[in-house]
Amino acid sequence: MRKGVVALVVLALVAAGFWWANSGSEPSWRYDEVFKDRSQGRLSDLIATAGDDIWVAGNATRTVSHAGDESADDGFLLHYDGARWQRRPMPTALGDSVHEARFDPVDSGGFLLTASLRSLEAPRTARWDGKRWTALPPLPDGHRAADVRAFAADDIWVVDGRSRAYHWDGAGWTATDLPATVGALDGVASDDLWAVGHRGTAVDEDTDREAEHTQPAAVHWDGRAWKLVRMPEYHFPAPAPPEAEAYLTEVVARAADDVRVHGEHTFNHGETEAEPADEDIRLRWDDTRWTKLPDAKGACADRGRAVRDGERGSLVSDSRYLTADGDCVKITHPRLPSTDGIKSSSQQSLRLNAVEPVPGTGKILGVGHVQVNQAGNPTSRSVIVSLER
């Protein structure tokens, strides 16, 4: 459910959208931490339970052979206690090589930390209850954890990016085959859960055009069984472009009667002269059926990666905020100062892997890196940034 800038959560920014829209100045990210030591590696995710309890996950690559042709990922945690950041070890249950670590909140309290090998297979998960880590057994067949939804410590769902869902009941994992390939998961209750992705389609032998290879798919869990729910299909005008496909990548359950999914209708570009335009897929479930939403347009269009700010607006990307009144506010990216061999005049690009609200503070934190190109020499610095009203 939480996916980088994809995290869809309610922010506690008091009147933030209104203040930004009427202050006459643009909000800006601020660098809270810039890691000059490259051993800090890549920061992949973060979670905040309070202003004095913030966690960041990352990994640093190390060479494990004398020839320098083999490497492993050393995982680490950073914890903020309200005064300073301190480095913490990963739970031992996650093993020696940690790649793409991610946090997922548990509705009943605490959170999950999941990481995999570099191949994205063999995920391992540990649960933090506020005092200690508790390891969960690995998934039965070692598939990747494409997405996670945790309602309680004994009610956790995982999808593998293929056609299987896994449920943890506190005692063991149960695997279920699904009638579609799914990679995103969300729901408002343990008996109201959606997994989305795509399904394969049969070749249309009655027409001269090539049909889309895949169509959007949504599978619903009602507490007893997973069922494929009918969705609108997407087709390019004839003659169809090569290798056309339609699929879903995100799902956000706002309420039982308000579930949003996002995806793309695209094809293999460069093989035809007159190419149609790709299409954003935006659908809404109203507790009865799936219907198409208007096309996403403009810099503040919600393409499934927005961070909701309650009734005040949404952080639709790391550079745009959409207020509830419809104002599209630009968020500026600051430049790194001229330190550590980097000149402020160099080409710089801030890229965030995750954002998260800090409860009770009116602040959003982000983790990622600044890509720097200085006189043709590329380098980067891992950063923790904040955005305040």
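**With respect to the state of the cysteines**
As used in these notes, a disulfide is a covalent bond between sulfur atoms, one from each of two cysteines. Enumeration according to the criterion identifies one disulfide in this entry. Covalent S-S linkage joins Cys-300 and Cys-328, the inter-sulfur distance amounting to 2.1 Å. Given an S-S torsion of about 85°, the disulfide between Cys-300 and Cys-328 has right-handed geometry. Highlighted residues: Cys-300 in the loop between β21 (290-292) and β22 (307-308) and Cys-328 in strand β25 (residues 328-330), separated in sequence by 28 residues.

**Some details on the sheet that holds strand β11 (residues 155-159)**
With antiparallel pairing, four strands are arranged side by side in an open sheet as β10-β11-β12-β13. Lying at the two open borders of the sheet, with one neighbouring strand each, are β10 (147-152) and β13 (173-177). Adjacent strand axes in the sheet meet at a mean angle of 15° when their direction is disregarded. With five bridges joining them, strand β12 (residues 164-168) and β13 adopt antiparallel strand pairing. For His-167, the partnering residue across the bridge sits in β13 and is Thr-174.

**Observations regarding the packing of aromatic side chains**
For the coordinates displayed, the defined rule picks out 15 aromatic pairs. With centroids separated by 5.1 Å and ring planes inclined at 50°, the aromatic side chains of Trp-128 and Trp-133 adopt a geometry described as tilted. One aromatic cluster in this structure is built from Trp-55, Phe-103, Phe-111, Trp-128 and Trp-133. Looking at Arg-87, its charged tip hangs above the ring of Phe-76, at a distance of 4.1 Å from the centre. Above the plane of the ring of Tyr-234 lies Lys-292, whose end atom (NZ or CZ) is 4.2 Å from the centre.

**Digging into the pattern of salt bridges**
Counted according to the given criterion, the structure contains twelve salt bridges. Two residues, Asp-177 and Arg-164, come together in a salt bridge whose shortest N-O distance is 2.9 Å. Of this pair, Asp-177 sits in strand β13 while Arg-164 sits in strand β12, and the two are 13 residues apart along the sequence. Taking relative accessible area as the criterion, Asp-177 reaches 55% and is therefore assigned exposed. Exposure remark for Arg-164: the relative accessible area of 26% places this residue in the partly exposed category.

**Quick look at the confidence of the model for the protein**
Looking at the protein as a whole, its pLDDT mean stands at 84, while 83% of the residues score no less than 70. Ranking the helices and strands of the protein by mean pLDDT puts strand β17 (residues 226-229) first, with 98, and helix α1 (residues 16-22) last, with 45. Considering only residues more than four positions removed or in separate chains, one finds that residues 3-19, a stretch of pLDDT under 50, has 59 contacts.

**Topic: a negative patch on the surface**
A surface patch of negative charge is lined by Glu-243, Glu-245, Glu-271, Glu-275 and Asp-278. With respect to the element layout, Glu-275 can be found in the loop between β19 (258-266) and β20 (279-285). Accessibility expressed as a relative area gives 32% for Glu-275, which makes it partly exposed.

**Section: unusual backbone geometry**
A positive phi angle, near 50°, is found at Glu-243, a position not held by glycine. Along the chain, Glu-243 turns up in the loop between β17 and β18 (245-255). With a phi angle near 80°, Asp-287 is a residue other than glycine that sits in the positive phi range. Along the chain, Asp-287 falls in the loop between β20 and β21.

Conventions used here
Residues numbered from 1 in each chain as written. Predicted model: local features only at pLDDT ≥ 70, side-chain atom pairs only at ≥ 80, totals over all residues. Heavy atoms only, no water. Disulfide = S-S within 2.5 Å. Helix = DSSP H or I, 4+ residues; strand = E, 2+ residues; numbered from the N terminus. Pairing = 2+ DSSP bridges. Axes fitted to C-alpha atoms, helices over the stretch in contact; angles between N-to-C directions. Phe/Tyr/Trp six-rings, centres within 6.5 Å; stacked < 30°, edge-to-face > 60°. Lys NZ or Arg CZ within 6 Å of the ring centre and 35° of its normal. Salt bridge = Lys/Arg side-chain N within 4 Å of Asp/Glu carboxyl O. Buried < 20%, exposed > 50% of the residue type's maximum accessible area, 1.4 Å probe, protein only. pLDDT = per-residue confidence, 0-100. Contact = heavy atoms within 4.5 Å. Patch = residues over 30% accessible without salt bridge, like charges linked within 9 Å, V, L, I, M, F, W, Y side chains within 5 Å. Areas by Shrake-Rupley, 256 points an atom, 1.4 Å probe, with all protein chains shown as cover. Lys, Arg positive; Asp, Glu negative; His and termini not counted. Charge placed at Lys NZ, Arg CZ, Asp CG, Glu CD.

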